[in-house]
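Geometric and topological summary
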Amino acid sequence: MVTRIAVTGDRPYDVVVGRGLTKELPPLLEGAARVAVLHPPALRARAEAVAEATNLKTVPIEVPDAERGKSIEVAARCWDELGAAGFTRTDVVVGVGGGATTDLAGYVAAAWLRGVRWIPVATSVAGMVDAAVGGKTAVNIAAGKNLVGAFHPPAGVLCDLDALDTLPREDIAAGLAEVVKGGFIADPRILELVEENPEAALDPHSDVLRELIERKIQVKADVVGVDLKESGLREILNYGHTLGHAIERREKYTWKHGHAVAVGMIFAAELGRLAGRLDDATAARHRAILELLGLPTSYPEEGWSELLAGMRVDKKTRAATLRFVVLDGLAKPGVLAGPDDGLLRRAYAEVAR
Ligand SMILES: NC(=O)c1ccc[n+]([C@@H]2O[C@H](COP(=O)([O-])OP(=O)(O)OC[C@H]3O[C@@H](n4cnc5c(N)ncnc54)[C@H](O)[C@@H]3O)[C@@H](O)[C@H]2O)c1
Ligand SMILES: O=C(O)C(=O)C[C@@H](O)[C@H](O)[C@H](O)COP(=O)(O)O
Ligand SMILES: [Zn+2]
């Protein structure tokens, strides 16, 4: 069974979820003569299968794994390879991998000749439910996470559930942090599904995980379809990310993104609660559900001053005003602008305990 989730907007496309999806590629490649297939070492075999399914001249480009691939130097090497292969505006970049690889591939495509077609073939839970959908592409720089990038929607997104067979359980859980985020900001049924059967949520063969993936893709599609460039509504997808990205930066990108977002959501929930906007039970539900999935919910006390500095480069900051996505209730996201230092410290104390 194949599910197609439509993403609307100026450049609409489908997110396809199912198994054995390589046959979905050729229609997305119409008019192309060449396809570059970016992939990390661990996904070479899958990338070769994708390349074969294109029936076109392919340029395989192996990139470093995870966040090590999300750099301007790696992007520059990819552009050199596209140049050497004579890539034109009708050619296509395909990213086969998790969110780090598809963020890189999307950015390589966004900048090459000022924008060519690209297709993420997402192989991780985080990639399927979040990174591959919505056209946010980026690399990291010394100043912070995803600070150089572009909004560049893909031509289509493939989420082949067969790929999850080889995804480590820790990465399934990390991806579920982004799914849980979707539960708190928009679709509480996601939270119930995890609470009813966390083991099934972590099982790549379960119908529960498939339902969670599809529900979270729908949450994201509903948002990015109306606000591609994050001029308002899209900010809700950043729930938990203000502190999360600061943790990733402080940890020199050795922490999994989903782990940092899990801690970031505890912080955001406490900010909402201590600001008098979120009820105690919904705030406590964050810690409980993330613990069910074995995700981290705390971070050392001594990190605070560095984290505060890191949060200042968040893209939601306006002038000197820090802005956070918080909840005014379950599935009622809003913005908390300019919280005072005391409130930030008290919320962080709940994370550091
Ligand atoms: N653009 C967006 O809107 C968006 C949204 C969410 C996350 N992200 C980004 O995505 C990244 C997090 O995504 P991620 O967790 O997929 O990271 P990742 O790409 O680093 O993948 C995590 C690990 O899983 C491995 N892997 C992936 N698929 C596999 C498979 N099928 N079998 C075996 N191993 C596999 C990868 O090689 C890597 O080691 C971060 O860089 C984050 O900033 C972007
Ligand atoms: O799609 C979005 O918008 C998101 O915020 C989704 C996040 O899960 C994702 O990690 C995104 O890359 C963060 O964006 P950033 O603009 O804060 O770098
Ligand atoms: Zn994220």
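See above for the structure.
Read on for an overview of the structure. (Residues numbered from 1 in each chain as written. Chains lettered and ligands numbered in written order. Predicted model: local features only at pLDDT ≥ 70, side-chain atom pairs only at ≥ 80, totals over all residues.)

Moving on, we get to the site of ligand 1. Around ligand 1, the surrounding shell holds 32 residues, and the nearest of these are Ala66, Gly98, Gly99, Ala100 and Ser124. Residue composition of the shell around ligand 1, by class: ten nonpolar, 13 polar and nine charged. When residues of the shell around ligand 1 are sorted by domain, at least three fall in each of domain 1 (3-166) and domain 2 (173-352). (Near = placed C-beta within 6 Å. Nonpolar A, V, L, I, M, F, W, Y, C, P; charged D, E, K, R; others polar. Domains from an automatic or database assignment.)

This part is about the environment of Ala76. Here Ala76 is to be found in helix α3 (residues 72-85). In the structure, Ala76 is positioned 66 residues away from Ala142 in sequence and 16 Å away in space, judged by C-alpha atoms. (Helix = DSSP H or I, 4+ residues; strand = E, 2+ residues; numbered from the N terminus.)

With that out of the way, let us pick up the sheet that holds strand β6 (residues 117-122). Within the open sheet, the seven strands sit side by side as β1-β2-β9-β6-β5-β3-β4. Their pairing is mixed. The two strands at the open ends of the sheet, each matched to only one other strand, are β1 (3-7) and β4 (57-62). Across the sheet, the mean angle separating the axes of adjacent strands is 20 degrees when strand polarity is ignored. With six bridges joining them, strand β3 (residues 34-39) and β4 adopt parallel strand pairing. Bridge pairing in β4 links Leu38 to Ile61. Sitting on the sheet, helix α2 (residues 44-54) touches β3, β4, β5 (92-97) and β6, and the angle it makes with β3 is about 165 degrees. Helix α9 (residues 207-224) contacts β1, β2 (13-18) and β9 (157-160) of the sheet and is inclined by roughly 20 degrees relative to β1. (Pairing = 2+ DSSP bridges. Axes fitted to C-alpha atoms, helices over the stretch in contact; angles between N-to-C directions. Contact = placed C-beta atoms within 7 Å.)

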